[in-house]
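Chain and residue survey
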Amino acid sequence: MSTLSERILGATEGEYVDRKVDKAYAHDGTGVLALEAWKEMGGDRLGKGTGYFVQFDHIAPANNGTTATLQHELRDFAKRSSMQFSDIGCGICHQLMGEGAVLPGEIVVGADSHSVTLGAFGAFATGVGATDMAAIWLTGETWFRVPESVGIHLNGKLTGAAEAKDVALAYVGKLGTDGATYQALEFVGEGVRHLSMDERFVLSNLSVEAGAKTGLFYADDVTLRYLKEHGQETAGQEYEPCSYRQELEFDLADIVPLVAVPHRVDTVKPVDAVSGVPLDQVFVGTCTNGRYSDLARFARLVRGRKVAVRTIVVPASAAVLEKAIRTGVLADIIGSGCTLGTPGCGPCLGYHMGVLGEGEVCLSTANRNFKNRMGVGGEIYLGSVATAAASALAGEIASPEVG
Amino acid sequence: MQGKGTAVCLPADIDTDLVIAGRYLRTRDRSIWGTRVFEDLDPALAPRLKGAVIVAGKNFGCGSSREQAVHALREAGVVAVIAPSFARIFFRNAINIGLPLIELDLTCKEGSLVAFDLSSGWVDAGGKRHAIRPLSSRMQEILQAGGLVEYWRAHR
């Protein structure tokens, strides 16, 4: 039987195929270069049959004149060519695509490595660079090498303070940063049905940190219910037994809170092993952990108390922010002494806000802790929302309370 | 497609943030990328890359999809990159921009001469000829055209 990647791409692993792209998206970071390549290619009209999106999330709002001018051109182009355009403040591209734009079985390409996040819908979702995106604008198509697949079997349920983020760090730690290069991850097993869409997004999101081309879940009742809430009615996907190149197995009940220590995502330790490391900043947000359920969990843990270190919270989208306002989650977060950023990528990539100073240490809910990423000489520990809350309250890395 | 250059040795798992830092991405002046390439790894590296063949460890180009990483290597004068494996987006980006990548686990000797022929499938280094796996036919077509921009200019 075939893997989900083989079923969606309609070919067997190792084959090269040209395929129509169902949804294509780019952000202000990659879109600018894609637009230059598009002009050089002599692009005039968009390839037919593909949904095109541009979202401004990386430097949002613009930090200086150069950025503003580059964004101005891309904004103009996106609007003129009738792409679906989301301006600054709407949110992170992957989150916006996940709020009802992407459907199971689709081929989705984003000009960003974390496009793998949308594999959570059972879509073949993968990242490309700017020139590949320009060619997709031109033709609506691109080429793929059908990947081999890695089976990640999940059993049981998460317990205590453990979160999907801890499972994600556990599998990246096991596979290593290149353990799944050129391959696709498939998350399967009876434990999957206990995971919400928000939790599945986290697991898919980190798949590129193991080098994977995408990280897939089969669309089930949880997927269909989520899509219905976002205005989409569609059919699910049945898992068929198939052969995997590698297989990993996790009992979710055994997962404990983990952190990735500087400067590698695959250097993973229990939080207890590094508790007490003094912090200068805590950051809650990103395409990994900036969703409503993350903000609600964080708020529940800090409510009525004060954070002991500067803490920046950035909702993944305007919809997340609006819901956090409506439910009082945001009041709890602000009341605890945290500050808020515009919905978008925030400090994750060290461009324009929340940048670390020389020697400063940050506990972040993001997905990358590469050397100097958030600022020259800064150190990044990656952890869950609960670990971020406990650490923000303590002013140092601290094990999360059960919550 | 043939080429040669002087070996510059780099470790495994070089991510694209290290190739070109986020703080230099927003510019119209691409020459900045050539002078700032690898700044956070070793600020003295950039001037040594003219005519260089980078020989790196596994998983070169992991992380962010930023295509500026490939432009930075080209701007600095890098001729080709040899590594046992590349991150997949970096691999596509390099082919698309016309920077040859060679999948080969090569023992690196700093400053030695490295020559290659992608069409015939070999690398000469340290007095030895190493066979390399050919690129897919599509990738060869794109590289031969000089990159994906030129490929599509010719195919429309």
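Residues numbered from 1 in each chain as written. Chains lettered and ligands numbered in written order. Predicted model: local features only at pLDDT ≥ 70, side-chain atom pairs only at ≥ 80, totals over all residues.

Helix and strand counts for chain A come out as 14 helices and 18 strands. Taking 403 residues into account, the globule formula puts the C-alpha radius of gyration at 22 Å, and chain A, at 20 Å, falls close to it. Across its three principal directions, the C-alpha atoms of chain A cover 55 × 55 × 40 Å. For chain A, the residues scored as buried account for 59% of the 403 residues in total. (Helix = DSSP H or I, 4+ residues; strand = E, 2+ residues; numbered from the N terminus. Rg over C-alpha atoms; globule rule 2.2 N^0.38 Å. Buried ≥ 20, exposed ≤ 12 C-beta atoms within 10 Å, placed from the backbone.)

Here the focus is the pairing of strand β3 (residues 80–83) of chain B. Residue and element names in this part refer to chain B. Along β3, one buried face is formed by Ala80 and Ile82 and the opposite face, lined by Val81 and Ala83, is buried too. Two elements, strand β2 (residues 52–55) and β3, share three bridges in a ladder whose sense is parallel. Within β3, the position partnered with Val53 by the bridge is Ala80. For the crossover that starts at β2, traverses helix α3 (residues 68–76) and ends in the parallel β3, the hand is right-handed. Chirality of the crossover, the property in question, places the unit of β3, helix α4 (residues 88–97) and strand β4 (residues 101–103) among those that are right-handed. (Pairing = 2+ DSSP bridges. Right-handed = clockwise from strand over helix to strand, strands pointing away.)

Let's shift gears to the interface of chain A and chain B. Contact residues are listed per partner, giving 39 residues for chain A and 33 residues for chain B. Elements supplying a minimum of two residues to the side of chain A that touches chain B: α2 (28–40), α3 (65–80) and α5 (130–139) of chain A. Here the residues of the side of chain A that touches chain B sort into 17 nonpolar, 14 polar and eight charged. (Contact = placed C-beta atoms within 7 Å. Nonpolar A, V, L, I, M, F, W, Y, C, P; charged D, E, K, R; others polar.)

Another point: unusual backbone geometry. A negative phi angle characterises most non-glycine residues, just as the trans form characterises most peptide bonds. Look at the link from Ala60 of chain A to Pro61 of chain A: it is a cis peptide, with omega at -5°. Along the chain, Pro61 of chain A turns up in the loop between β3 (51–55) and α3. For the bond from Pro262 of chain A to His263 of chain A, the omega torsion is -5°, close enough to zero to count as cis. Structurally, the position occupied by His263 of chain A is in the loop between β12 (258–260) and β13 (268–270). In this structure, Thr286 of chain A takes a positive phi of about 85° despite not being glycine. Inspection of the secondary structure puts Thr286 of chain A in helix α10 (residues 286–289). Positive phi outside glycine occurs at Phe38 of chain B, with the angle close to 60°. Mapping Phe38 of chain B onto the fold places it in the loop between α2 (31–36) and β2.

So, on to the nonpolar core. Counting 193 residues, the largest nonpolar core has Ala34, Met133, Ala134, Phe298 and Ala389 of chain A together with Ile54 and Ile82 of chain B as its most contacted members. Once residues lying within four places of it in the same chain are set aside, the contact partners of Ala389 of chain A are Phe298, Leu301, Val302 and Pro400 of chain A. (Core = buried A, V, L, I, M, F, W, Y, C linked by C-beta atoms within 7 Å.)

On to the domain arrangement of chain A. Residues and elements named next belong to chain A. Taken domain by domain, chain A consists of domain 1 (14–145), domain 2 (149–254) and domain 3 (258–394). Counting residues at the interface gives 19 residues for domain 1, matched by 24 residues for domain 2. Of the residues forming the side of domain 1 that touches domain 2, the biggest block, four residues, is contributed by strand β6 (residues 124–127). Its residues assigned to classes, the side of domain 1 that touches domain 2 shows seven nonpolar, 10 polar and two charged. (Domains from an automatic or database assignment.)

On to the sheet that holds strand β10 (residues 214–217) of chain A. Residues and elements named next belong to chain A. Taking strand neighbours across the sheet as the criterion, the four strands line up as β10-β9-β8-β11 in an open arrangement whose pairing is parallel. A strand with exactly one partner marks an edge of an open sheet, and here the two such strands are β10 and β11 (246–251). Across this sheet, the average inter-strand angle for adjacent strands is 20°, counted without regard to direction. Of the strand pairs in this sheet, strand β9 (residues 184–188) and β10 are connected by four bridges, and their pairing is parallel. Looking across to β10, one finds that Phe187 is bridged to Phe217. (Axes fitted to C-alpha atoms, helices over the stretch in contact; angles between N-to-C directions.)

The next thing to look at is α2 of chain A. Residues and elements named next belong to chain A. In this model α2 runs 19 Å from its N-terminal to its C-terminal C-alpha over 13 residues, within 8% of the 18 Å that 1.5 Å per residue would give. Here α2 lies mainly inside the structure; 10 of its 13 residues are buried. Turning to α2, its buried residues are Asp28, Gly29, Thr30, Gly31, Val32, Leu33, Ala34, Leu35, Ala37 and Trp38. (Expected span 1.5 Å × (residues − 1).)

In this section: the sheet that holds strand β5 (residues 107–110) of chain A. Residue and element names in this part refer to chain A. Taken in spatial order, the five strands make up an open sheet running β4-β3-β2-β5-β6, and their pairing is parallel. The open sheet terminates on both sides in strands that have one partner only, identified here as β4 (84–86) and β6. Across this sheet, the average inter-strand angle for adjacent strands is 15°, counted without regard to direction. Pairing geometry for strand β2 (residues 23–27) and β3, over five bridges, is parallel. Following the sheet pairing, His27 is matched in β3 by Gln55.

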